[in-house]
Amino acid sequence: MKKTMIKSSLSLAITLASTQIFASGFALNEQSISGMGTGFAGRTSSVDDASIVYGNPAGMSRLKRAQATVGVAAIDASTDITDTSGRSTGSNKGDMVPFIAVPMGFYVNPVDEHWAFGFGVYAPFGLVTDYEDNFQGRNFGSKSIVKVVTFQPTVSYAFNDKVSIGFGPTINRISGALESALNVSPLLGARTGDGRVQVKGDDVGYGFNAGILVQATDTTSVGLTYHSKVTYKLEGHTEVTPGAGVPAQVLGAGRYDAKLNIDTPETVDFSVTQKMNDAWKLYAGATWTRWSRLEDITVKNSGVTRAGGVAAPSLVGTISEEQNWHDTWAYAVGTSYQLNKQWVLRTGLSFDQSPTNNENRSPRIPTGDRTIFSLGAGYSPTDDITIDVAYSYLQEEKVKVADANALGQSYNAKYDNSANGFGVGMTYRF
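Predicted model only: the values in this text are computed from it and were never measured.

### Points about the overall build of the protein
Helix and strand counts for the protein come out as five helices and 19 strands. Residue burial in the protein is summarised as follows: out of 430 residues, 53% are buried. Considering only contacts within the protein whose residues lie at least 6 apart along the sequence, 73% involve residues at least 24 apart. Total accessible area computed for the protein in this model is approximately 18600 Å², and 57% of it derives from carbon and sulfur atoms.

What follows is the structure, given as structure tokens:
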């Protein structure tokens with residue numbers, strides 16, 4: 001019986017990691033407030049400010065003055081959970097994503113007519129979900145906090161007025177804390193209180209971003225950016241806490257050393273900017289993400305210490321769970337209008353595929369394909385300062401969750417997700 005419980009606990013830990021670490025809802029677009037206004041349609045081909053360090057490092061050489069860009073984007077998400085069923089009881093409020101903020105900062109310094117140097121600090125991935133205590137699907141995910149912070153030093157070189165290239169290594173730190181309720185009533189044949197499974201881990205991984213920017217005609221620019229995969233070897237622990245009425249020796253409660261190897265996927269981002277006249281610009285872009293790298297999640301556990309500090313016999317286990325995610329495409333179109341010397345107005349429309357599938361979708365990331373409408377504006381009171389604001393409304397297709405575990409517990413529901421995004425940023429030119 002003890003072996004069964006330990007295996008169930010560790011399987012649950014895998015579910016926590018696999019459904020949280022990789023999902024389109026975990027990949028963040030918010031690295032530029034000016035780009036947010038056009039739905040990021042011209043992210044790699046339009047050079048507006050220092051946030052081009054992320055969008056396309058080749059564009060740094062097109063900036064004629066040293067400048068710093070800082071900003072913050074805030075996300076207010078809501079979920080409507082309906083058609084619920086399963087072998088557990090509880091509430092389904094759907095208020096699982098708190099109001100969160102995503103900061104960013106970039107700096108670019110042109111050295112001469114060819115070279116430019118810059119750096120950026122931003123969040124390429126990040127998510128917080130926190131269900132209510134009595135959530136019906138708490139056995140499949142109750143709380144998740146995952147953060148990735150990236151530092152990117154970057155260099156750009158312009159061969160001439162037509163072609164530029166750029167490259168920047170990335171230093172990425174990932175950290176996460178994932179929780180789920182654990183109720184063993186089906187196993188013991190008696191009602192017990194909820195226990196808890198908590199997984200914590202962190203690591204630093206390295207990658208790079210590279211780009212090319214081409215001024216194809218006097219009015220048309222084309223950009224291509226490659227964001228590499230990043231390999232993480234997370235180390236942390238899995239902690240199993242029994243609920244009321246559950247003997248610790250039956251549950252296999254304790255603290256497990258855990259290791260988990262993960263590759264975040266590479267992306268290829270392409271866009272075109274077309275200047276129609278002195279006032280109007282049109283943007284179009286497409287992004288491919290290689291989510292198919294996530295075929296399964298494998299967690300290695302060892303060295304159990306029982307509650308109370310008594311060492312237990314060593315347990316070495318490798319447990320895998322299939323994910324079978326697929327590659328995705330995102331598409332965006334946008335436009336900007338230069339109202340006068342001080343004001344520019346922006347708008348955009350984006351479509352973003354989800355890598356999840358109906359069989360493996362979990363309450364932790366119950367996402368589907370997205371449609372996003374964006375508005376934005378830039379105000380330049382002087383030649384040295386620009387203030388950007390943006391708003392986005394996101395609506396996802398309705399999706400179904402159907403989860404079950406080794407204890408015979410299950411949770412089925414339909415999710416209808418939407419979100420409002422707000423951004424404000426400032427660029428100062430030296």
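### A few points about the side chain of Ser61
Take Ser61: it is sitting in the loop between helix H3 (52-55) and strand E1 (67-85). Apart from the residues within four sequence positions on either side, Ser61 is in contact with His114, Ala116, Ser156, Tyr157, Ala158 and Ser164.

### Some points on the nonpolar core
The biggest cluster of nonpolar side chains holds 21 residues, and the ones touching the most others in it are Ile81, Tyr131, Phe135, Tyr411 and Tyr415. Elements with a minimum of two residues in this core: E1, strand E2 (100-110), strand E3 (115-130), strand E18 (399-404) and strand E19 (410-429). In terms of nonpolar packing, the next biggest core, distinct from the first, is built from 16 residues, Ala73, Met104, Val108 and Ala116 among them.

### Quick look at the layout of surface pockets
For the largest pocket, the calculated volume is near 1100 Å³. Ser46, Val47, Asp48, Lys281 and Gln338 are, among the 41 residues lining the largest pocket, the residues nearest its centre. Looking at the lining of the largest pocket, the element that brings in the most residues is strand E10 (residues 267-275), giving three residues. A per-class count over the lining of the largest pocket returns eight nonpolar, 19 polar and 14 charged.

### Let's talk about the confidence of the model for the protein
Per-chain confidence: the protein averages 84 in pLDDT, with 85% of residues scoring 70 or above. When the elements of the protein are averaged for pLDDT, helix H1 (residues 2-21) gives the smallest value, 37, and strand E7 (residues 220-227) the largest, 98. Under a pLDDT of 50 for its full length, residues 1-23 has, in the predicted model, 85 contacts with residues more than four places off or in other chains. In this model residues 306-317 is a low-confidence stretch, pLDDT under 50, and it forms 23 contacts with partners more than four residues away in sequence or in other chains.

### Some thoughts on the pattern of salt bridges
Following the criterion strictly, the structure yields ten salt bridges and no others. With a shortest N-O distance of 2.6 Å, Arg138 and Asp194 are connected by a salt bridge. Of this pair, Arg138 sits in the loop between E3 and strand E4 (143-158) while Asp194 sits in the loop between helix H4 (185-188) and strand E6 (195-215), placing them 56 residues apart in sequence. Residue class for Arg138 comes out buried when judged on its relative accessible area of 11%. The exposure class assigned to Asp194 is partly exposed, which follows from its relative accessible area of 36%. We note a salt bridge from Arg346 to Asp388, for which the minimum N-O separation is 3.0 Å. Here Asp388 lies in strand E17 (residues 385-396) and Arg346 lies in strand E15 (residues 343-352), a separation of 42 residues in the sequence. As far as burial versus exposure is concerned, Arg346 and Asp388 are alike and both buried.

### Let's talk about unusual backbone geometry
Backbone geometry at Phe40 places phi at a positive 60°, although glycine is not the residue there. Mapped onto the elements of the fold, Phe40 is located in the loop between helix H2 (33-37) and H3. For Asp83, which is not glycine, the phi dihedral falls at a positive 55°. The residue Asp83 is located in strand E1 in this model.

### Details of the packing of aromatic side chains
Evaluated as defined, the whole model comprises 17 aromatic pairs. A centroid spacing of 6.0 Å and a plane angle of 40° characterise the contact between Phe119 and Phe151, whose relative ring orientation is tilted. In this pair, Phe119 is assigned in strand E3 and Phe151 in strand E4, connecting sequence segments 32 residues apart. Its relative accessible area of 35% is what places Phe151 among the partly exposed residues. Through a chain of ring-to-ring contacts, three or more aromatic side chains come together here, namely Tyr107, Phe119, Phe151, Tyr428 and Phe430.

### Here we look at the environment of Ser410
Within the secondary structure, Ser410 is located in strand E19. Sequence spacing of Ser410 and Gln136 is 274 residues, and the spatial spacing of their C-alpha atoms is 9.6 Å. Here Ser410 is in contact with Ser85, Gly86, Arg87, Ser88, Phe140, Asp403 and Ala404, once residues within four sequence places are set aside.

### Let's talk about the pairing of E15
Note on strand geometry: in a regular strand, side chains alternate between the two faces of the sheet. Of the two faces of E15, the one lined by Val344, Arg346, Gly348, Ser350 and Asp352 is fully buried and the one lined by Trp343, Leu345, Thr347, Leu349 and Phe351 carries no buried residue. By the bridge criterion, nine bridges tie strand E14 (residues 328-338) to E15 in an arrangement that is antiparallel. Bridge pairing in E15 places Ser336 opposite Arg346.

### With respect to the environment of Arg87
Along the chain, Arg87 falls in the loop between E1 and E2. Considered as a pair, Arg87 and Gly137 are 50 residues apart in the sequence and their alpha carbons are 9.6 Å apart. Residue contacts for Arg87: discarding those within four places in its chain leaves Gly408, Gln409 and Ser410.

Thresholds applied
Residues numbered from 1 in each chain as written. Predicted model: local features only at pLDDT ≥ 70, side-chain atom pairs only at ≥ 80, totals over all residues. Heavy atoms only, no water. Helix = DSSP H or I, 4+ residues; strand = E, 2+ residues; numbered from the N terminus. Buried < 20%, exposed > 50% of the residue type's maximum accessible area, 1.4 Å probe, protein only. Contact = heavy atoms within 4.5 Å. Areas by Shrake-Rupley, 256 points an atom, 1.4 Å probe, with all protein chains shown as cover. Core = buried A, V, L, I, M, F, W, Y, C linked by side-chain atoms within 4.5 Å. 1 Å grid on protein atoms, 1.4 Å probe; cavity = no way out; pocket = protein on both sides within 12 Å on 5 of 7 lines; lining within 4 Å. Points joined across faces, edges and corners; volume = space filled by probe spheres on them. Nonpolar A, V, L, I, M, F, W, Y, C, P; charged D, E, K, R; others polar. pLDDT = per-residue confidence, 0-100. Salt bridge = Lys/Arg side-chain N within 4 Å of Asp/Glu carboxyl O. Phe/Tyr/Trp six-rings, centres within 6.5 Å; stacked < 30°, edge-to-face > 60°. Pairing = 2+ DSSP bridges.

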